[in-house]
Amino acid sequence: MNAYYSELFSFHLPEVILTGGALLVLAADLLLGKFSSEPVRRALAALLGMLAMGFAAEALSPYLRGDTSALGQLCLLGLSGLTLLLIAGTSRLRHPAEHVALTLFATVGFSLMVTANNLLLVFLAFELSSITLYILAGFDKSSPASAEAALKYFLYGSVAAAFLLFGFSLLYGLTGEIELAELGAKLSVLPASPLLVIAWIMILAGFGYKAAAAPFHLWAPDAYQGAPAPSAALIAAGSKLAGMLLLVRLFAEIGFSPLGPALQTALALLIAASLLLGNVAALVQSNFRRLLAYSAIGHAGIVLLMIGIAPADPQMAFGDVLYYLLTYGLASVGAFGVAAVLEANDARGQKLSDFAGLWQRSPFLTICLLVFILSLAGVPPLAGFFAKFNAFYDVLGSLDSAALTSSPFFWLVLLAIAMSAVALYYYLQVLKQAFIAPAEETRPLRIALPATTALLFAAAGIVLLGIFPEHFLRLLF
Amino acid sequence: MVDSLFYFFAAMMLAAALFVVVSRNPVNSAMGMILALVGVGANFFLLDAPFLGVLQILVYAGAVMVLFLFIIMLLDVDQAAKIPVPWTTVLFGLVLLAVFSGAVWWLVNGADALPTPENVSATPAALPGAENPGAFTSGAKSFGYSLFTKYMLPVQIAGFLLLIAMIGVVTLSKKQKQA
Amino acid sequence: MNLLPWTIYLSFIGASLAWLAGRRWSAPARWLALLTALGNLGIIGWAALDFSPAAETQTLVDLPWVSFASYHLAADGISMTLVLLTGIAALAGILFSWNITHRTGDFFALFLALIGGVYGVFLSADAFLLFVFYEIAIVPKYFLVAVWGSTNREYGAMKLVLYSFAGSALVMAGLLWAGAAGISFDMNFFAAQTRILSQVQQTGMFALIFTGFAVLAGMVPFHTWAPTGHVAAPTGASMLLAGVVMKLGAYGCLRLALPAFPLGLDFFQPLIAALGIAGILYAGLVALVQTDFKFVIGYSSVSHMGFVLLGLAVATPRALAGAVLQMFSHGIVAGLLFAVVGRMVYERTHTRDLHQLHRLPLFRMLPFAAVVFSLAGIASMGMPGFSGFPAEFSILIGTWQHNALWAVLAAIGIPVAAAYTLRVVHLAFFGKIAAEEISSADHPPLPPTTWPERLGAVLLLAVSITVGIHPGLLLDWIVPALQSPLMQIVSNGAAQ
C-alpha cells in the first residue's frame, strides 16, 4: 500500500469502518443465520451495526475540534444509530441483516456527502445514499404501500439525479474542473452566463428533491406513508441533513455571486412555495405520516432560507443548518419511532385516531411524542424553537439592516413566522389524539428495550440541545 | 465535418431515446436504447476519446443491453396496456416542456452563452480538455492508471454502489417463504 | 432575594414530581402541588422582606446563554408585585382545584408548568428570555382547558392557544426585526439603544410587539379568545388565565414595547387608548346581557384589562402605577369571581344559566358563596376599601391629567361594571330568597363548601382588602421602579 492509498484510507476511516461493518453484518448472518431464529439474527445484526457506528464515531473524534464537517458526520452517525435501534426495537421485517447493512451503507453515503470535495464524489455519494434509500423504502415486501413508496421515491429520485448530473456537467463544461475549490476559483472570474444559471437551477432541482421542497415534493407524502418506519425516519432525518449540508458546502465553495439576483429569485420561490404548500396541506391530513411529510415540506422552506445566506457566511449557514436539521432529525426519528412502536403493538398506527388514548396506554410514549411534536412546532424550551429563532435571527442579521424591507428574505422570514403559528394547529391535532382523546384500545403498549433507548436518546437530545444550544454551536466556531 | 457528424449522432440519440419512451413493445424499446448508446459512443470518438467510445459500445450497447433483451425475452413481457392519460397531466407536461424549451432557447441565444475562447480569455486553460493530460484519449494504460490513482475513491464507491444494488435486487426479488 | 429564581425551578420540579406521583395516586400529587405553591410563596415572602425598593432592577442571575441573549433574571418593584400575584393566584388556584380527580397528576403538572413559565416571564431581564418563558406558558393552557374543561372545551382551548401563538408570532417577528436592526435583547440596554432606530423602525417594531402581547392582554378586537377560553377552562385554569396569564400580555407591553420604542408609543397612543376605552365599555355592555354566569365574568375581565391598556397608553407615572396595581388587583378579584362561579356554584348546581340559577334559593343553599361573590363583586366594581379602587382611581387620575375626554369616557365603565355586577349578584344568588313557599324538598341540599374552597376564598378576599385599605404596600414597590431610566423614557416620550 503506497502513501497515497494509506492517506486516503485514513482520511476515510469512518466510511471504511462502516462499509466493513456492513459486510461483516452480512457475513455473520450468512454464517450464523441458519442456526438461529429471526429475532436473534436481528439482534446480532443490529449489535454489529451499532458497534460499527461506534468505531466510526471513535475514528472521527480526533477531528471534532475545528472541523465542522466531522461534527456533521458525527450527527449523521447519531441519527443513523437511532434508526438502527428502531430497526432492532420495532421492525418485524424479514432479512434483518440486509436491513442493517443497507442502513450502514446509507450512512456511508451521507458521510461522503458531507466530506466530498469534487463533483464526481458529490454525485456518487448522492447516488450511494439514494439507491440505498430506494431499497429501504421498499423493504416491507408484504405491503403494497411500501412498494408504491419505493417506486415513487425511485422515479422522482432518478429524475432528480439526472437533473443534478446535467447541472454538474454544465459546471464542468464551463470550467473543465471537478475539484470544488478550483471550480469555485474559475467560476468567480467567469462572466455571468445563462449556462451558469441553468446549471444552478438544475442543481437546485436535484437538491430540492432531496430536501422535499415544493415543487419537488410529490414523492414525500407517499414515501413517508408507505415506507417501513425506520426507513422513513432515515429518509426524513439523515438523508435530509446530509443533502442540505452538502448544498451549503456547494454554495460555500462555489458561490453564486455572479448571478445573485436570478438565483435568489429561484430560491425565494422555492422557499415560499414550500412554506405555503407544506403547512397548508398539512392542516387537512388525517394520516400521521402524511402530516409529518407535509410538515417536512414546510421545514424544508426554512432550511432553504438558511441556505440562502450560505454564500455570504458559509460557516454560519453550516452551523445553523446542522443545528436545525439535527434537532429536526431527532424529532422526526422520534415521531416515526412512536408510530413504529404503535404499529408493532397494534398492527396500525398510521391514522391520527390510532393514537387515541396513548396517555392511558403508555405515559412514557406520550411524553416522548409531546417532546417530538412540540419541538417540530417550535415551542421552547425544546430545540426546535431555538433552531428556528436562531435561523431567522441569522438570516435577518445577514441582510443589509438599512434596506431590510426591500429584501425578499425579510418577507420570507415573516411568512415563515406566520406559518409556524398555522403549523401549531396541526401539531396539536396529533397531541389532541395522544393526550386528550379516550382510548379505544386500552391494552398497555409493550416497548422493546432498543426502541425505548432510541426514544429516550432522541427526547433527551432535543431537551438538552434546546436548553444549552450554545454548548453545541460553540463546537462549530 | 466533425460538426455535422455530431449533429447527426445527437439527432439519432434523441430520436432513439424518444422511441424508448413511446414504444409499447419492450423489445423495440430496448433496441432504441442500444441505438442511443451507440450514439453516445460515436460522440466519444468525435471527442478524441476512442477508448471510451469502444468501452461504451462494448459494455453498454453490447453486454448490458443484451442482458436487458435476454431478460425481456425470458420473462415474455407483453405489450404494455394502453393507459389513458388525464388531460391535466398532458397539460402539465406541455407547460413543463415549454418552460424547459424556453430556458434552452435563452441559453443558446443569450449573449456569450457558450464559452468561446474570447469570453473565457481570462482563464484560457479553463476550456474543457485544455489541461486534460490525455487520460481518456490514448488508450487503456493511461486510462487505467488514472482510474486507480486519481480516481481511486470514486471507483471504489461505484463498486459498492453496484454491490448495494445487487443486495437490494436479491432481497427484494427473493420469494417470500410461506410461514 | 437571590432565592427568587427558585420559584421558576421549584415550579418545574414540582410539576415533574406531581406528574410522577400522579401516575399512581392522586392525593400525593395534590399535596405536592400545594407544597410547591406554598414553597414558592415562602420564597417570595422571604424575598419581599429582603427587597428594598429602588429605581434599578436588581439582578438575580446573569449567565451567558446564547450568542444573542443571556440568562439574565432580575427583579424590580413591578416584577415583585406580579410575582407576588402569581404566588397568591397559584396557591388559590390549587386550593380551588382540590376536587380534581380525573388525571390529577397530569393536571397539577401542567398547572405548575404554566406557573413556572409565568414566574420566568415576570423575572426575565432579557427580551429573548422573556419570550422563551412566555411561549413555555402557552402550551400547558391548551391541555388544561381541553382535558379538564367544560362547555365547548376543545374549541375554546384551540382558539385560546392559536390566538396566543399568533400573538407570540407577532412578538417574535418584532424581536427579530429589532435584533436585525442592532438592538441587543438585554432590557437594561434598551434605554441607550433607542436612538439608533428611525421613526419608521420604531413604529413598526412597536406595532408588532405591542399587538402581539396585547392579544394576550385581551385588547379589543383580539379579545374573543378570552371569554370562550375562560368559560371552557376548569376553575383552577380560568383563575390562572384571567388572573395571571392576561397579565403576561400587559407586562410584555409594559416591559418591552414601551421602553424600547418610545416613538412607537407616541404614534399609536390615541389608538391604544381608544381600544382600551372601547374594551372597557364594549365588554362591559356585553357582560350586561349575558345569560351564562361565567361569560359575565369573562367579559368583565376584558373590561378591566381595558383599564390596564388605557394606563399603558397614557404612560404617565401615575397611570402606569395604576395599571400595575390594576393588574394585581384584577388578578386577585377575577380569580375569586371565577372560583365562586366555576367551583362553588357550577360544580354543585351543574348549570351556569342565570335564569335557571334565579329559580334556586342559592343564597340559602350556598351562603358562603353568596357572601364571597357579593364582596368580590363590590371589589370588582372598584368600591373603596378593596384593591380595585386605588388602581382604577389612579389610572383615571393619570388619564385626566393627560386627556380629560378619555378619562370621562373610561369612567363610564365604572357604573357599567356596577350594573352588570349587581345584575348578576341579583340573578344568581338572590333569586327566590323571598318566596317562602319553596320548600327545601324541591331543592335537595347542595354539598357544603369544603375547607380548601373556604381557605382560598378567604386568602384572596384578605389580599384584596389589605391592598384596598393600604395600597401603599404595593405602591411603595411600584413607584420607585417607575423612576428607573427605562421607565423615564416611557413617561417622557409619551408626555412630549
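Bear in mind the structure is a predicted one, so any value in this text is a computation, not a measurement.

1. A closer look at the overall build of chain B
Piece 1. For chain B, the helix and strand inventory stands at 6 helices and 0 strands.
Piece 2. Listed by position from the N terminus, the elements making up chain B come as α-α-α-α-α-α.
Piece 3. Taking as baseline every contact in chain B between residues at least 6 positions apart, the subset at least 24 positions apart corresponds to 55%.

2. Re the interface of chain A and chain C
Piece 1. With 37 residues of chain A at the contact, the number on the chain C side is 36 residues.
Piece 2. Of the roughly 3,300 Å² buried at the junction of chain A and chain C (both faces included), carbon and sulfur atoms supply 81%.
Piece 3. Taken as a group, F389(A), Y393(A) and I436(A) account for 19% of the area that chain A buries against chain C, more than any other trio of residues on that side.
Piece 4. The tally of links from chain A across to chain C stands at 1 salt bridge.
Piece 5. E154(C) is the salt-bridge partner of K432(A), the closest N and O atoms lying 3.5 Å from each other.
Piece 6. At the surface where chain A touches chain C, the tally comes to 4 residue pairs in polar contact (both at pLDDT 80 or more).
Piece 7. When residues of the side of chain A that touches chain C are traced back to their parent elements, those giving at least two are α16 (363-377), α17 (383-398), α18 (408-436) and α20 (469-473) of chain A.
Piece 8. Ranked by residue count, the leading element in the side of chain A that touches chain C is α18(A), at 14 residues.

3. Things to note about the pattern of salt bridges
It is possible for side chains of opposite charge to pair when their charged atoms get near one another.
Piece 1. What the rule picks out here adds up to 18 salt bridges over all chains.
Piece 2. With its nearest N and O atoms 2.9 Å apart, the salt bridge here joins D346(A) to R361(A). Note that D346(A) is positioned in helix α14 (residues 314-346) and R361(A) in helix α15 (residues 358-361), a separation of 15 residues in sequence.
Piece 3. Residue R361(A) is classed as buried on the basis of its relative accessible area, which comes to 6%.
Piece 4. Between D106(C) and R103(C) there is a salt bridge, with the nearest N and O atoms lying 3.1 Å from each other. Like D106(C), the residue R103(C) is buried in the burial classification.

4. Regarding the pairing of strand β2 (residues 69-75) of chain C
All names here are of chain C.
Piece 1. In terms of burial, β2 is a largely internal element, 7 of the 7 residues being buried.
Piece 2. Neither face of β2 is left uncovered, since the one carrying A69, Y71, L73 and A75 and the one carrying S70, H72 and A74 both have all their residues buried.
Piece 3. Bridge analysis of strand β1 (residues 58-66) against β2 gives 7 bridges, and the strand direction is antiparallel. Bridge assignment links L63 to a residue of β2, and that residue is Y71.
Piece 4. From the end of β1 to the start of β2, which pair antiparallel, there are 2 residues.

5. Structural notes on helix α3 (residues 38-60) of chain A
Piece 1. The end-to-end C-alpha distance of α3(A), which contains 23 residues, comes to 33 Å, matching closely the 33 Å that a straight helix rising 1.5 Å per residue would cover.
Piece 2. Listed in full, the buried residues belonging to α3(A) are R41(A), R42(A), A45(A), A46(A), L48(A), G49(A), A52(A), M53(A), A56(A), A59(A) and L60(A).

6. Description of the environment of L67(B)
All names here are of chain B.
Piece 1. When you line up the elements, L67 lands in helix α3 (residues 50-75).
Piece 2. What makes L67 exposed here is its relative accessible area of 54%.
Piece 3. On a C-alpha basis, the gap between L67 and L46 in space is 28 Å, while along the polypeptide they are 21 residues apart.

7. A closer look at the domain arrangement of chain B
Residues and elements named next belong to chain B.
Piece 1. The domain architecture assigned to chain B consists of domain 1 (1-78) and domain 2 (137-179).
Piece 2. Centre-to-centre separation of domain 1 and domain 2, based on C-alpha positions: 21 Å.
Piece 3. The interface is formed by 6 residues belonging to domain 1 together with 4 residues belonging to domain 2.
Piece 4. Taken together, the two surfaces of domain 1 and domain 2 that pack against each other cover about 360 Å², and 83% of this comes from carbon and sulfur.
Piece 5. Summed over the shared surface of domain 1 and domain 2, the number is 0 salt bridges.

8. Quick look at the confidence of the model for chain B
Residues and elements named next belong to chain B.
Piece 1. When the pLDDT values of chain B are averaged, the result is 79; 78% of them are 70 or greater.
Piece 2. Across chain B, element-level confidence peaks in helix α6 (residues 152-173) with a mean pLDDT of 91 and bottoms out in helix α5 (residues 140-148) with 79.
Piece 3. Interface scoring of the predicted complex returns ipTM 0.92; its pTM is 0.92.

9. Re the packing of helix α11 (residues 235-260) of chain C against helix α13 (residues 293-314) of chain C
Residues and elements named next belong to chain C.
Piece 1. One way to put it is that α11 packs onto α13 with a least axis distance of 11 Å and a crossing angle of 15°. When the axis of α11 is compared with that of α13, the two are roughly parallel. Both α11 and α13 take part in a crossing whose hand is right-handed. Residues S238, A242, M246, K247, A250, C253, L254 and L258 of α11 touch α13, and the partners they reach there are K294, S301, M305, V308 and L312.

10. Focus on a nonpolar patch on the surface
All names here are of chain B.
Piece 1. On the surface, a nonpolar cluster with roughly 510 Å² of combined accessible area is contributed by F45, V54, I57, L58, V59 and Y60.
Piece 2. Relative to the elements of secondary structure, V59 occurs in helix α3.
Piece 3. A residue is classified by how much of its surface remains accessible, and V59, at 36% relative accessible area, is partly exposed.

11. Some points on the packing of α13(C) against helix α20 (residues 413-429) of chain C
Packed helices, taken two at a time, are described by the angle between their axes plus the distance between the axes.
All names here are of chain C.
Piece 1. For the pair α13 and α20, interaxial distance at closest approach is 11 Å and the crossing angle is 160°. Relative to α20, the element α13 is oriented roughly antiparallel. The way α13 lies across α20 gives a crossing that is left-handed. Residues F293, V296, S300, S303, H304 and F307 of α13 form the contact with α20, whose own contacting residues are I414, Y420, V424, A428 and F429.
Piece 2. Here the contact of α13 with α20 is composed, by residue class, of 8 nonpolar, 3 polar and no charged.

Analysis parameters
Residues numbered from 1 in each chain as written. Chains lettered and ligands numbered in written order. Predicted model: local features only at pLDDT ≥ 70, side-chain atom pairs only at ≥ 80, totals over all residues. Heavy atoms only, no water. Helix = DSSP H or I, 4+ residues; strand = E, 2+ residues; numbered from the N terminus. Contact = heavy atoms within 4.5 Å. Buried area = accessible area lost by both parts, 1.4 Å probe. Salt bridge = Lys/Arg side-chain N within 4 Å of Asp/Glu carboxyl O. Polar contact = N/O pair within 3.5 Å; in protein donor to acceptor, adjacent residues only side chain to side chain. Buried < 20%, exposed > 50% of the residue type's maximum accessible area, 1.4 Å probe, protein only. Pairing = 2+ DSSP bridges. Expected span 1.5 Å × (residues − 1). Domains from an automatic or database assignment. pLDDT = per-residue confidence, 0-100. Axes fitted to C-alpha atoms, helices over the stretch in contact; angles between N-to-C directions. Parallel < 35°, antiparallel > 145°, perpendicular 65-115°, else oblique. Left-handed = near helix turned anticlockwise from the far one by under 90°. Patch = residues over 30% accessible without salt bridge, like charges linked within 9 Å, V, L, I, M, F, W, Y side chains within 5 Å. Areas by Shrake-Rupley, 256 points an atom, 1.4 Å probe, with all protein chains shown as cover. Nonpolar A, V, L, I, M, F, W, Y, C, P; charged D, E, K, R; others polar.

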